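Commentary on secondary and tertiary structure
One-letter residues, chain by chain:
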Amino acid sequence: DTAVSQTPKYLVTQMGNDKSIKCEQNLGHDTMYWYKQDSKKFLKIMFSYNNKELIINETVPNRFSPKSPDKAHLNLHINSLELGDSAVYFCASSQDDTVLPSYEQYFGPGTRLTVT
Amino acid sequence: TQLLEQSPQFLSIQEGENLTVYCNSSSVFSSLQWYRQEPGEGPVLLVTVVTGGEVKKLKRLTFQFGDARKDSSLHITAAQPGDTGLYLCAGLYGGSQGNLIFGKGTKLSVKP
C-alpha cells in the first residue's frame, strides 16, 4: 500500500549512458514532481506535471526529460549521464485544493544515482 | 530569486534539551511547510502553516509562522533520540504553482 514508489532504489552507471527512473503514486493526486537532492542535502525541484502537462520546468539540462504516461506515473529519463548528475532523485505528488492550494508533498523513497 | 535561509545547519544536543530551528526569507510566503527526513528515505510532511502568527503543535514540536509570513520556527521540547533527522522548511510563494523553495535543512542529532 505504498503511496509513492520509485524504482530502482539504487542506480550505478557509467558516464555517457542513458537511464530512466520510474515513479508511481496511488494517492489519486493531481500533480507529480521530480526533485534532486545533492550531497549537501539541498533539495531542488526539477519538474512537475499536472494532468499530463508540464507546468514547471526549472533550469535543468535538456538531457533530463520527464515522461508521464498517465496521471499516476511520472518517469524521469536522463540522456548522456555526467558525473555531476550523481545525486538522490525524489519523486513526489500533491493533491491541489483549488480554493487554497498548499501543494503538500508526498515523497517517494528516493533513487540514489551514482555516475562513474 | 527567492531564497529561504534555514539555521542552524547542524545541531547536536543531549536528550531532554530544548531547541529551535529557524527559517527566514525576505519574501512573503503564501504558506510554509516543515518536513522531516531520515537517512535513506524521502522527506515526510510534519505541518503546514498558512496564516500570519499561526502556531501549531505536534506533540513536543511547536511550529510558528511569523506575523508578516516571512519567517517560521520549529521548537522541540525535551528532545529525544527519535527526533534525530534532517528538518527541512519549504516555502510556497504566491502564484508559484506548487514550486516549493526548500531551505538547506537542519541536521539534528539527539544523543541519549
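What comes next concerns the included structure. (Residues numbered from 1 in each chain as written. Chains lettered and ligands numbered in written order. Predicted model: local features only at pLDDT ≥ 70, side-chain atom pairs only at ≥ 80, totals over all residues. Heavy atoms only, no water.)

Time to look at the sheet that holds strand 8 (residues 73-78) of chain A. Residues and elements named next belong to chain A. With antiparallel pairing, the four strands of this open sheet are ordered in space as 1-3-8-7. In the strand order of this sheet, the two ends are held by strand 1 (4-7) and strand 7 (64-70), each with one partner. Direction aside, the axes of adjacent strands within the sheet are offset by 20 degrees on average. Here five bridges tie strand 7 to strand 8, and the two strands are oriented antiparallel to one another. Following the sheet pairing, Asp 70 is matched in strand 8 by His 73. (Pairing = 2+ DSSP bridges. Helix = DSSP H or I, 4+ residues; strand = E, 2+ residues; numbered from the N terminus. Axes fitted to C-alpha atoms, helices over the stretch in contact; angles between N-to-C directions.)

Moving on: the pairing of strand 6 (residues 53-57) of chain A. Both strand 5 (residues 43-50) of chain A and strand 6 of chain A contribute to a ladder of four bridges, which runs antiparallel. Each bridged residue has a counterpart across the sheet, and for Asn50(A) the counterpart in strand 6 of chain A is Glu53(A).

Moving on, we come to the environment of Thr77(B). Tracing the chain through its elements places Thr77(B) in the loop between strand 8 (71-76) and strand 9 (85-92). Not counting chain neighbours up to four residues away, the residues in contact with Thr77(B) comprise Glu17(B), Asn18(B) and Arg60(B). (Contact = heavy atoms within 4.5 Å.)

All names here are of chain A. All told, the structure shown has two disulfides over all chains when counted by the stated rule. Note on cysteine connectivity: Cys 23 is disulfide-linked to Cys 91, with sulfurs 1.8 Å apart. The disulfide joining Cys 23 to Cys 91 has a torsion of about -75 degrees about its S-S bond and is therefore left-handed. Taken together, the residues Cys 23 in strand 3 (residues 19-25) and Cys 91 in strand 9 (residues 87-94) connect sequence positions 68 residues apart. Each member of the pair, Cys 23 as well as Cys 91, carries the same accessibility label: buried. (Disulfide = S-S within 2.5 Å. Buried < 20%, exposed > 50% of the residue type's maximum accessible area, 1.4 Å probe, protein only.)

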